[in-house]
Amino acid sequence: MAFDRPPMTRSPSAGDTTAVPPSPDGIPILGNGLAFARNPIDAIKRWSSLGDIVRLEIPGQTMYLVTGPELIEQILVAEHERFTISPAQRETFRGIEDHAVTTTTGDRWERLRSTLRPAFSRGAMDRYADRIVDTAATYIEQWDDGERIDLYREMRLLTVRILADTLLDVDIRGQEDVVMNAADALVDRANFRRPGQLLPDWIPTPTDRRFERAVSDLDAYVDDLIADRKDRERGDDLCSVLLDARDAGDLSSEEVRHNVVAMLLAGHDSPSVALTHVWRLLDEHPDVQNALQEEYVAVVDGDRPTGESYITLEQTQNAVSETLRLYPPTLGITRQATEPVTLDGYDLSAGAQFLCPQWPVHRDDRFWSEPTAFDPTRWEDPAVRPEYAYFPFSGGPRNCIGIHFARQELTLVVATILGEVELDVTVDEPLKFTPSLQLRPESDITATVHRQ
Ligand code: HEM
């Protein structure tokens with residue numbers, strides 16, 4: 001099937017090595033950065049309408065916005081060896097995850113990724129499943145009937161606890177804010193508003209100082225956690241595989257610490273954003289919510305889901321997939337070319353930087369019928385669209401290592417909560433997002449709890 005854009009996006013003719021991708025108009029000096037800082041989603045939507053590959057001038061750099069699924073697949077999968085993570089990604093995690101799988105490259109990244117793999121194996125997932133349900137069921141016991149909760153904060157607290165109970169096998173109760181403060185400080189520092197302030201990097205800002213304090217608190221917490229786990233029996237959870245590798249001389253202490261930090265941050269941020277949107281969308285679509293409740297009654301034998309329920313909760317899984325389509329928790333995947341590449345007929349030099357944003361691709365009417373409608377039933381039929389028209393977890397060898405963990409977690413948490421309470425959600429409209437690589441909701445999202 002051919003997926004054509006309107007004529008303005010025609011690729012250059014063969015042999016034309018001077019052609020450059022279309023560009024949006026930008027204000028001189030700040031280029032397109034200001035539009036992004038004002039409203040990241042609107043800016044990305046507008047720019048992506050110019051073509052499958054668009055050239056952006058943002059302060060200090062040129063970046064190519066790539067929204068054609070075949071081009072995204074070329075970058076992430078088919079020609080992944082010609083690309084590496086972007087300097088922006090390394091800069092985002094500087095001082096907190098420099099020795100983690102999220103920021104390293106080459107042999108070091110391969111070594112870290114293969115060390116972590118057993119903690120995300122099918123067997124490990126099966127063992128985490130019942131713990132996920134237990135943690136969620138225990139967590140929501142504290143919600144009183146009629147209580148009004150800060151939905152996003154509650155989903156963050158819950159997902160931090162789930163990570164600690166499963167991947168790390170430690171009790172984090174009461175210390176969740178140490179993790180959440182570090183995540184907030186990281187996002188604030190990386191915030192794309194910063195280029196708009198025109199401050200040189202060497203001037204420390206209150207944001208930088210807050211970041212340093214938050215990182216030092218999180219490092220101290222993680223060091224205690226590792227000391228606590230050191231002499232306990234080992235299994236195949238994440239802490240065990242990291243400590244086994246350190247004891248075998250394959251990993252340094254810093255690598256252990258930074259990878260625990262990376263999991264605590266990456267492992268709670270996106271799932272909590274996704275869960276917040278699930279509740280918002282279910283509240284807006286009572287028909288879908290009813291269908292999920294009926295599925296729960298049909299599938300769950302007893303008063304709680306089990307690990308095995310995950311496979312049979314198909315409609316709940318579809319609602320999760322659909323939420324990740326409409327509200328992907330990350331703005332996009334960033335890459336940098338390590339050698340000259342040709343994309344859509346354009347010859348681009350080594351060092352070129354790319355952003356593959358999920359939002360416009362997940363809502364592109366070339367691939368999705370009624371793209372803005374929340375319709376979980378669209379996942380019931382085999383897809384008739386390019387594979388990379390949907391990539392909330394990225395793709396290729398460097399995709400999200402937590403993809404199966406996250407899918408299982410989101411499905412089981414939604415089912416566990418739906419089995420006990422209804423959430424009546426209120427959103428401070430219009431929905432706004434942080435202008436950073438993490439698409440966090442900035443608007444107030446609260447919910448009133450109704451026990452069933
Ligand atoms: C809804 C949930 C989640 C979403 C949408 C998500 C999305 C992503 C995306 C888009 C990337 C970037 C990959 C790339 O650069 O190509 C990523 C990387 C990563 N994610 Fe997730 N993620 C989620 C949950 C999790 C969880 C639960 C964990 C851990 C328990 C996790 C750990 C990681 C790590 C460690 C990386 C870096 C992988 C590497 O560079 O090798 N994520 N994730």
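In this text, all values refer to a predicted model and were calculated from it rather than measured experimentally.

What about a negative patch on the surface?
(1) Moving on: Judged by side-chain charge, D150, D428, E429 and D444 come together as a negatively charged surface patch.
(2) Moving on: One can find D444 in the loop between β9 (421-427) and β10 (445-451).
(3) Moving on: Given a relative accessible area of 54%, D444 falls into the exposed group.

Remarks on helix α8 (residues 176-190)
An α-helical turn contains 3.6 residues, so a residue and the one three or four places further along point in the same direction.
(1) Moving on: The end-to-end C-alpha separation of α8 is 22 Å, in line with the 21 Å expected for 15 residues at 1.5 Å each.
(2) Moving on: Judged by how many residues are buried, α8 sits mostly within the fold: 11 of 15 residues are covered.

A closer look at unusual backbone geometry
Comment: phi is negative for the bulk of residues other than glycine, and the bulk of peptide bonds are trans.
(1) Moving on: Geometrically, the link from E429 to P430 is a cis peptide bond, its omega value of -10° lying close to zero.
(2) Moving on: Looking at the secondary structure, you find P430 in the loop between β9 and β10.
(3) Moving on: In this structure, D344 is a non-glycine residue whose phi angle is positive, near 55°.
(4) Moving on: Position of D344 relative to the elements: it lies in the loop between β6 (341-343) and β7 (346-348).

Points about the packing of aromatic side chains
(1) Moving on: Across all of its chains, the model carries nine aromatic pairs by this definition.
(2) Moving on: An angle of 90° between the planes, with centres 6.2 Å apart, marks the rings of Y139 and W143 as edge-to-face. Both residues of the pair, Y139 and W143, count as buried.
(3) Moving on: Between W359 and F433, the ring centres sit 5.6 Å apart and the planes meet at 70°, which makes this aromatic pair edge-to-face. Taken together, the positions of W359 in helix α16 (residues 358-362) and F433 in the loop between β9 and β10 put the pair 74 residues apart, joining distant regions of the chain.
(4) Moving on: Since its relative accessible area comes to 10%, F433 is described here as buried.
(5) Moving on: The ring centre of Y327 lies 5.2 Å from the NZ or CZ of R363, which sits over that ring.
(6) Moving on: Its guanidinium or amino end placed over the ring of W379, R385 lies 5.7 Å from that ring's centre, counting from NZ or CZ.

How each quantity is defined
Residues numbered from 1 in each chain as written. Predicted model: local features only at pLDDT ≥ 70, side-chain atom pairs only at ≥ 80, totals over all residues. Heavy atoms only, no water. Patch = residues over 30% accessible without salt bridge, like charges linked within 9 Å, V, L, I, M, F, W, Y side chains within 5 Å. Areas by Shrake-Rupley, 256 points an atom, 1.4 Å probe, with all protein chains shown as cover. Salt bridge = Lys/Arg side-chain N within 4 Å of Asp/Glu carboxyl O. Lys, Arg positive; Asp, Glu negative; His and termini not counted. Charge placed at Lys NZ, Arg CZ, Asp CG, Glu CD. Helix = DSSP H or I, 4+ residues; strand = E, 2+ residues; numbered from the N terminus. Buried < 20%, exposed > 50% of the residue type's maximum accessible area, 1.4 Å probe, protein only. Expected span 1.5 Å × (residues − 1). Phe/Tyr/Trp six-rings, centres within 6.5 Å; stacked < 30°, edge-to-face > 60°. Lys NZ or Arg CZ within 6 Å of the ring centre and 35° of its normal.

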